[in-house]
Structures are given as structure tokens and as C-alpha cells.
Amino acid sequence: MGDSISMDFPHSGNWTEAQTQLAFYFYCQTPFGQLHQRNPKVVELAAWIGRTPSALAMKCCNFASLDPAMAARGVSGLGNAGKLVQKVWDDFHSNWDLLAGQCEAYLAALRDAQGLQVPEEAADIAAGEDFTGEVRLALVAQRRKQSFFRQAVLSGYRNRCCITGISDARLLVASHIVPWREDAKIRLHPGNGLCLSALHDRAFDQYLFALSDDCRVLLSKQMRQTSDVFLRQTFWPIEDKQIELPERFQPELAFIRRHRDQMLIAE
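As a convention, each chain's residues are numbered from 1 in the sequence order in which they are written. Reporting of local features is limited, given that this is a predicted model, to residues whose pLDDT is at least 70; pairs of side-chain atoms are given and counted only at 80 or more, and all residues count toward the totals for whole chains, interfaces and linings. Side-chain numbers come from the whole structure's heavy atoms, not from hydrogens or water.

K.L.:
Hey, could you run me through the state of the cysteines in this one?
P.N.:
What makes a disulfide is a covalent bond joining the sulfur atoms belonging to two cysteines. When two cysteine sulfur atoms lie within 2.5 Å, the pair is treated as a disulfide. On inspection of all chains with the given rule, the structure shows zero disulfides. Here Cys60 is not cross-linked by a disulfide; its sulfur's nearest cysteine counterpart is in Cys61, at 6.9 Å. Only protein chains enter the accessibility calculation, which uses a 1.4 Å probe. A residue is then buried if its area is under 20% of the maximum for its type, exposed if over 50%, and partly exposed in between. The buried category is assigned to Cys60, whose relative accessible area is 1%. In this structure Cys161 is a free cysteine whose sulfur lies 5.4 Å from that of Cys162, the closest cysteine sulfur available. A relative accessible area of 0% places Cys161 in the buried class.

K.L.:
Can you walk me through the layout of surface pockets in this structure?
P.N.:
Unfilled space is identified by rolling a water-sized probe across the atoms. Method remark: on a 1 Å grid restricted to protein atoms, a set of points is classed as a cavity if a 1.4 Å probe fits but cannot get out and as a pocket if it is open with protein on both sides within 12 Å along at least five of seven lines; lining residues have an atom within 4 Å of a point. Grid points are joined across faces, edges and corners, and a volume is the space filled by probe spheres set on the points. Quantified by volume, the largest pocket comes out at close to 730 Å³. Lining the largest pocket are 20 residues; nearest its centre among them are Tyr25, Phe26, Gln29, Glu44 and Leu107. Broken down by secondary-structure element, the contributors of at least two residues to the lining of the largest pocket are helix H2 (17-29), helix H3 (40-49), helix H7 (96-113) and helix H9 (133-156). Of the residues belonging to the lining of the largest pocket, the class tally is nine nonpolar, five polar and six charged. Each helix is a run of DSSP H or I of at least 4 residues and each strand a run of E of at least 2, with the numbering of both proceeding from the N terminus. Here the nonpolar group is Ala, Val, Leu, Ile, Met, Phe, Trp, Tyr, Cys and Pro; Asp, Glu, Lys and Arg are the charged ones; every other residue, Gly included, is treated as polar.

K.L.:
Please clarify how empty space enclosed by the protein should be interpreted in this entry.
P.N.:
Taken as a whole, this structure holds one cavity of 30 Å³ or more when the rule is applied. Estimated volume of the largest cavity: approximately 30 Å³. Partitioning the lining of the largest cavity into residue classes produces six nonpolar, one polar and one charged.

Structural measurements only, silent on function.
So, in C-alpha cells, the structure goes:
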């Protein structure tokens, strides 16, 4: 494994695909304003992958130049991204679950090579006596993927519910537009996520509201006809309200339409 790590993460020469994948993985989970060489997390990851903090920050800004959500905000990123950056961007968008899993495998190998401990949340699962080795590994992998999706979505929405503006992390959910179980290739795609309060997440999941093509709230027939006073007070005022859009990875139109079609069927 040591020789493989050295080949995938050289300290000089051209960036490898593994290094570039981890740069994108980091880009997805980090607010754009924190993509600079002084960020301790940038410094840490740069040391792991064998690059300088400034080089890693620049590579992340290369990815920003490809992000339509950034362009919509007037942020150009760093141009001249190169073929490998474009390839990694395209590969992730083809199968987020596969590539996110690959990045977690790289990080696990890097931690192991440096004798670092498993992150606490993964260690909690791995220590469970009721699980076989294979089940433990599967649970650890699933939790890490869920953590990636949550961090990518919440950071993109500035850690605020896109409808209410609630910013207490204990009440925020990275809500899937197309449900997790329906499509493995997009279940970790940040463009398949909304940052919602726990209540709005549950209502969205139950198809009590959906979004229009321009990301305005559309209440279901059930919600518009409800006699529940609390639901009327909470949801009726937000009808036709445009959600706050994220700084990265805007909700994909195809995913919004799939969810809205399901709401109409449920009615």
C-alpha cells in the first residue's frame, strides 16, 4: 500500500488523478471563501496528498471555474483548469457514489500510512460488537458518504435552511430531492440536495410541497387544503417563495422535476 500511495500522491511533477479527485472532494465540502492557503484544513490535506497549500487552494479554484452556480453568482474561479480537472468534474457527475467512495478509500489509506486514528464517528461503528467485519466496513463507508453529502449540501447553502433561514445545525437536514434509495449514481450529488429545517425536510420528503423550475415553493393540494392551524401558519406563507440558492451546485432541474412529478402523482 505504501508504494501505491507514493505513486498516487507524489510530491512533485504533474498532479495525479487521485490528488485531483481529493481536491474536488474537498472543494465540494468547503465554503468558497475558505479555499485559501491559510485555512488549516487546506494545509492539512495538502500535506497528506503531497502538495503545497497554495497549490491545493488553486486547484479547488480551478473547479470553481467549472461550476455554473459560481458563474451565476459572478464568481469566475481560476481559469485554465486543464483536461484532468474537467475529467474529474465529469467523472463525479457521472457517478457520485462511486467517486466519493474512491476518495474515502484514498483518505483511509493516507490515514493508515501515517498511523492516524479512524475518525471518531467511524470508530463508534467499527467498535460495535454486534457486527461482522464486512458489515462494519459497509456501515463505516455509508456513514462517511452520508457525512460527505451533508457537509457538501449544508456548506453550499451557507449552513442555513433555504426556505426559513434557520441556521442552528441541530435543526438542519441535507434533504435529498430524488430519494437516496432511487438512484445510487446521484444520491451523493450536492445538486440533489436542499438544506432544510427538520420540519420542512419531512414535509418535502412526504411530497407536501415541491419546487417549480425556477425554485419557487409549490404546495401540494393536501397542504393547501389542510385544516391544521400550525401547518397553515407555517407553510401557506411560503407558497411561491423562491428558495435561497446555494453558492455551489444549484438544484438540478431534472431532479426537481422528478420530485414534483411524484408530488402530483401523490395528489
